[in-house]
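In case you want the letters, here they are:
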There are 2 protein chains.
Amino acid sequence: MRKSTVSLSVACLTFATVSSVVLSGQPAANDGPRYENGTHLVRPDDYREWTFLSSGLAMAYNEDQPAGASTRPQLFQNVFVNPSSHRAFMETGRWPDGTTFVLEFRRAATDAEISRTGRFQTDRVMLEAEVKDARFPDGWAFFNFGQDDALAEVAEPLAGAQVARCIECHTEHTAVERTFVQFYPTLLEVARQKGTLKPGF
Amino acid sequence: MRKSTVSLSVACLTFATVSSVVLSGQPAANDGPRYENGTHLVRPDDYREWTFLSSGLAMAYNEDQPAGASTRPQLFQNVFVNPSSHRAFMETGRWPDGTTFVLEFRRAATDAEISRTGRFQTDRVMLEAEVKDARFPDGWAFFNFGQDDALAEVAEPLAGAQVARCIECHTEHTAVERTFVQFYPTLLEVARQKGTLKPGF
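Undergrad: Hey, could you run me through the overall build of chain A in this one?
TA: What chain A contains, in helices and strands, is 4 helices and 8 strands. Reading chain A from its N end, one meets helices and strands in the order α-β-β-β-β-α-β-β-β-β-α-α. Counting every position in chain A, which comprises 201 residues, the buried fraction comes to 35%. By sequence separation, contacts in chain A at least 24 residues apart represent 51% of the contacts at least 6 residues apart.

Undergrad: Could you clarify how one ought to interpret the sheet that holds strand β2 (residues 40-42) of chain B in this entry?
TA: All names here are of chain B. Taken in spatial order, the 3 strands make up an open sheet running β1-β2-β8, and their pairing is antiparallel. In the strand order of this sheet, the two ends are held by β1 (35-36) and β8 (154-155), each with one partner. Pairing geometry for β1 and β2, over 2 bridges, is antiparallel. Within the sheet, the bridge partner assigned to Tyr-35 lies in β2 and is Leu-41.

Undergrad: What's the story with the sheet that holds strand β8 (residues 154-155) of chain A in this structure? I'm lost.
TA: Strand-to-strand pairing in sheets goes through backbone hydrogen bonds, with the strands running parallel or antiparallel. Residue and element names in this part refer to chain A. Within the open sheet, the 3 strands sit side by side as β1-β2-β8. Their pairing is antiparallel. Strands with a single pairing partner mark the edges of an open sheet, and in this sheet they are β1 (35-36) and β8. By the bridge criterion, 2 bridges tie strand β2 (residues 40-42) to β8 in an arrangement that is antiparallel. Bridging from a neighbouring strand, Leu-41 pairs with Ala-155 of β8.

Undergrad: Explanation requested: the nonpolar core in the structure shown.
TA: Soluble, globular proteins show a tendency: their nonpolar side chains are buried together. Phe-80 and Val-102 of chain A together with Phe-80 and Val-102 of chain B are the most contacted members of the largest nonpolar core, which totals 73 residues. The residues touching Val-102 of chain A, leaving out its near neighbours within four places in the chain, are Pro-44, Tyr-47, Trp-50, Phe-80, Leu-127 and Ala-129 of chain A.

Undergrad: Would you mind showing me how to read the pairing of strand β3 (residues 51-57) of chain B here?
TA: It is a general feature of regular strands that their side chains alternate between the two faces of the sheet. Residues and elements named next belong to chain B. Where burial is concerned, most of β3 is hidden: 7 out of the 7 residues are buried. Strand direction decides the pairing type here: β3 and strand β4 (residues 75-81), joined by 6 bridges, are antiparallel. Each residue of the ladder has a partner; that of Leu-57, found in β4, is Phe-76.

Undergrad: Would you take a moment to explain helix α2 (residues 83-92) of chain B for this structure?
TA: An α-helical turn contains 3.6 residues, so a residue and the one three or four places further along point in the same direction. Residue and element names in this part refer to chain B. Within the span of α2, buried status applies to Ser-84, Ser-85, His-86 and Phe-89. Buried residues in α2 make contact with β3, β4 and α4 (185-194). Directly after α2, the chain includes Gly-93, whose backbone phi takes a positive value near 75 degrees.

Undergrad: Whenever I open this one, the confidence of the model for chain A confuses me. Can you help?
TA: Low-pLDDT portions of the prediction should not be read for the details of their coordinates. All names here are of chain A. When pLDDT is averaged along chain A, the result is 84; 78% of the residues meet or exceed 70. Segment residues 1-27 is flagged for pLDDT under 50; beyond a separation of four residues in sequence, or across chains, it makes 42 contacts in the model. Contacts for the low-pLDDT stretch residues 63-69, under 50 throughout, to residues beyond four places or in other chains number 12 contacts. What the predictor reports for the complex is a pTM of 0.84 with an ipTM of 0.83.

Undergrad: Can you walk me through the environment of Thr-122 of chain A in this structure?
TA: Checked against the element boundaries, Thr-122 of chain A lands in strand β6 (residues 115-132). Contact partners of Thr-122 of chain A, with chain neighbours within four places excluded, come to Arg-106, Arg-107 and Ala-109 of chain A together with Pro-185 of chain B.

Undergrad: What is the right way to read unusual backbone geometry from this model?
TA: Across the chain, the bulk of peptide bonds are trans and the bulk of non-glycine residues have phi less than zero. Although it is not a glycine, Ala-58 of chain A sits at a positive phi angle of roughly 60 degrees. Note that Ala-58 of chain A resides in the loop between β3 (51-57) and β4 (75-81). Phi at Asn-37 of chain B is positive, roughly 55 degrees, even though this residue is not glycine. One can find Asn-37 of chain B in the loop between β1 and β2.

Undergrad: Just checking my understanding: could you explain the environment of Pro-157 of chain A for this structure?
TA: Residue and element names in this part refer to chain A. Tracing the backbone shows Pro-157 in the loop between β8 and α3 (161-172). Take Pro-157: there are 22 C-beta atoms within 10 Å of it, and that puts it in the buried class. Taking the C-alpha atoms as reference, Pro-157 lies 16 Å from Gln-147; in sequence the two are 10 residues apart. Those residues within four positions of Pro-157 in sequence are excluded, and the remaining contacts are Thr-39, Phe-136, Ala-141, Phe-142 and Phe-143.

Undergrad: Can you walk me through the environment of Gly-139 of chain B in this structure?
TA: All names here are of chain B. Relative to the helices and strands, Gly-139 is located in the loop between β6 (115-132) and β7 (140-147). C-alpha separation for the pair Gly-139 and Arg-178, spaced 39 residues apart in sequence, amounts to 9.7 Å. Not counting residues up to four positions away in its chain, the partners in contact with Gly-139 are Lys-132 and Ala-134.

Conventions used here
- Residues numbered from 1 in each chain as written.
- Chains lettered and ligands numbered in written order.
- Predicted model: local features only at pLDDT ≥ 70, side-chain atom pairs only at ≥ 80, totals over all residues.
- Helix = DSSP H or I, 4+ residues; strand = E, 2+ residues; numbered from the N terminus.
- Buried ≥ 20, exposed ≤ 12 C-beta atoms within 10 Å, placed from the backbone.
- Contact = placed C-beta atoms within 7 Å.
- Pairing = 2+ DSSP bridges.
- Core = buried A, V, L, I, M, F, W, Y, C linked by C-beta atoms within 7 Å.
- pLDDT = per-residue confidence, 0-100.

In structure tokens, the structure reads:
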């Protein structure tokens, strides 16, 4: 009898620890990347419940493109990050291993009855991800789940010529590590305070 | 000894229930509205960790405004909802009591080094909220926390002439209850499936 009581107490302690996390409103950190075959990223279908970082309109990848010259359809671009990594960043100004960014592109519509001039988001067009993980040679990896009409459930890390441009741009033009914190206003201030901004930002 | 073992078991059952919520990745539903004096809404400072619904650019309030005629500065408008109400909506297509929307306006900047043509979000300009709660005569209430340089910590529900336009527009032009689900693409499909869209949507 004594023994089972002790084991119950230990179990309670564990549950109490877990529940204190719940009561503080923070979900457990089970939101990191899931892989198949070690490095193929499983599409995180709950990313819309992750932490939103920002949204842009018609943010081109081509830095050489002059203003107004875009011929691409104008898309909204929403960025989400897994909640536990977001909390870590807000405390430290750095991204922990396992940080997963999801980049979602959506069509921009206009001329709604209630707002003739504004632009709002409609269908998802494509989905991409960026992950910080020591399992990758570079420490970061990029993934493309493709177009929305045929979204992949699992994506292998982009490699070779596919990813060279990603790495170059995410190295030379990003404010913190490999991430565009200069476009995430709530993070930019934290990075400034923590001294993790790269020189020039 | 028997008595304490039983009470420990009950405690463990409680913790087990709570922990199962954690393990499913859902924080406890302690994210509803907090009031002072019964109806004055306390500004929810963690709303950036809530569920993001959508972002629009230059979405005017004035339905009569012809396309292109806006003289207001173009602002991004981000909409967040408390996570437990979002989960309820995804299951039912309806908003439970305590649903809290936060509407955040941010400046739109352009001509970033990496994207000359695109527009991205910078400083917050103002903050508003809409709450569904049976404590209000109308079942819903609207709040304005004001401009970002002097954001109120607590806001009383808008009343009289201040709110007449809000109520009219949120009644006549919204797709589900008093909310613009037509602009929240992930919710629109759920409402369609659950049959909670108003006629015409």
